[in-house]
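# Summary of structural features
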Amino acid sequence: MKNTVATLAAMKRNGEKISQLTCYDYSTAKLIDAAGINMILVGDSLGMTMQGYKDTLPVTVDEMIVYGRSVVRGCKETFVVVDMPFMSYQISIEQAMQNAGRIMKETGASAVKLEGGKEVCPQIRAITAAGIPVVAHIGMTPQSVNAFGGFTVQGKGEANARRVLEDALAVQEAGAFAVTLECVPPKLSALITKKLDIITIGIGASPECDAQVLVWQDMLGISDFKPKFAKHFAEVGETMREAFRAYDGEVKSGVFPASEHTFVKSDCTEEFLAS
Ligand code: KIV
Ligand code: NA
């Protein structure tokens, strides 16, 4: 079944959990789509996982479009959300609409995501008014890493908890159809999930969130980064390291390629070799 804003909203109403993973390329998208994952986020985390930057700030709209359309081509049923990168929506409503429009037109994605609460509600209102579904992202918002002084848990203490709750209510009111809660403690995440009609997507949040998201390299044990919330569902990184070492060994010892890996039947004749 193709996932849409309507089927995802129905899942929330029926109390069914929604799965989401990040993805940045066609081959992985096909695997994620075939596994029945409901949503993909082409996250600006690609600045770190795919490009090796220390944070997400250098990522551009053009780059999000390249990765985004590669993912969309790999998906038959999974709902694809593309992140709006740092400084592609903060400057003005007009800038936000232009970039959201480019992302939708040039990737074929089904929604965009942007970071922030009350302060980005004018942008959320305008983008949704143009018929583009929006996922908001509150709590620990990585594009603000310099303001936070690190990738740290948000919503500690009553005043901060109230601010996160108010941001959640504000983005819902502005028209977002879902909101990502990153590094928001479990009781606060559960409270927000109960108070909102829109989908809450947790990462380092609570099992009570309507949906969960993880970065795929984190959940497969490929990245060096091991945040508290990143459960390894497989040690694919170790499997890859072993395969790379085996390949290196076989190339150097001459074991690979064996005759079954070569085009023996099409080969030149003995006469040709002697000529
Ligand atoms: O960019 C990203 O991968 C994200 C998720 C971690 C929510 O925003
Ligand atoms: Na992101």
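Treat the numbers as computed from the prediction; the structure is a model and nothing was measured.

Another aspect to go through is the UniProt feature "binding site: 3-methyl-2-oxobutanoate" (unreviewed entry) in the protein. In the numbering used here, UniProt assigns the "binding site: 3-methyl-2-oxobutanoate" (unreviewed entry) feature to Asp44, Ser45, Asp83 and Lys113. For the residues just named, distributed over 70 residues, the greatest C-alpha separation is only 12.4 Å, placing them together at one site. On the secondary structure map, serine 45 appears in the loop between β2 (39-42) and α3 (46-49). Apart from the residues lying within four places of it in its own chain, the contact partners of serine 45 are Thr22, Thr56 and Val215.

Further remarks concern the environment of alanine 136. With respect to the element layout, alanine 136 can be found in strand β5 (residues 134-139). We classify alanine 136 as buried; it has 29 C-beta atoms within 10 Å. Once the C-alpha coordinates of alanine 136 and threonine 180 are considered, the two residues, 44 residues apart in sequence, prove to be 6.1 Å apart. When near neighbours in sequence (up to four residues on either side) are disregarded, alanine 136 contacts Leu114, Ile124, Val171, Ala176 and Val179.

Taken together, the eight strands give a closed barrel; going around it, the order is β1-β2-β3-β4-β5-β6-β7-β8, and neighbouring strands pair in parallel fashion. Neighbour-to-neighbour, the strand axes of the sheet open up by a mean angle of 25°, direction not taken into account. Against the sheet, helix α6 (residues 121-129) engages β4 (111-115) and β5, with an angle of about 160° to β5. Of the strands in this sheet, β5 and β6 (178-182) are in contact with helix α8 (residues 158-174), which crosses β5 at around 170°.

Moving on to the site of ligand 1. Inspection of the region around ligand 1 gives Thr22, Leu41, Gly43, Asp44, Ser45, Asp83, His137, Thr180, Glu182, Ile203, Val213 and Val215 as its neighbouring residues. Class assignment of the residues belonging to the shell around ligand 1 gives a composition of four nonpolar, five polar and three charged.

On to the nonpolar core. One broad rule of soluble globular proteins: the nonpolar side chains tend to lie buried together. Within the largest apolar cluster, 71 residues are counted, with the highest numbers of intra-cluster contacts made by Ile40, Val81, Val112, Ala176 and Val179. Tallying contributions element by element places α8 first for this core, with five residues. Excluding residues that lie within four positions of it along the chain, alanine 176 makes contacts with Ile124, Val134, Val135, Ala136, Val171 and Ile198.

Rules of the game
- Residues numbered from 1 in each chain as written.
- Chains lettered and ligands numbered in written order.
- Predicted model: local features only at pLDDT ≥ 70, side-chain atom pairs only at ≥ 80, totals over all residues.
- UniProt positions renumbered as here; feature names shortened; annotations may be inferred.
- Helix = DSSP H or I, 4+ residues; strand = E, 2+ residues; numbered from the N terminus.
- Contact = placed C-beta atoms within 7 Å.
- Buried ≥ 20, exposed ≤ 12 C-beta atoms within 10 Å, placed from the backbone.
- Pairing = 2+ DSSP bridges.
- Axes fitted to C-alpha atoms, helices over the stretch in contact; angles between N-to-C directions.
- Near = placed C-beta within 6 Å.
- Nonpolar A, V, L, I, M, F, W, Y, C, P; charged D, E, K, R; others polar.
- Core = buried A, V, L, I, M, F, W, Y, C linked by C-beta atoms within 7 Å.

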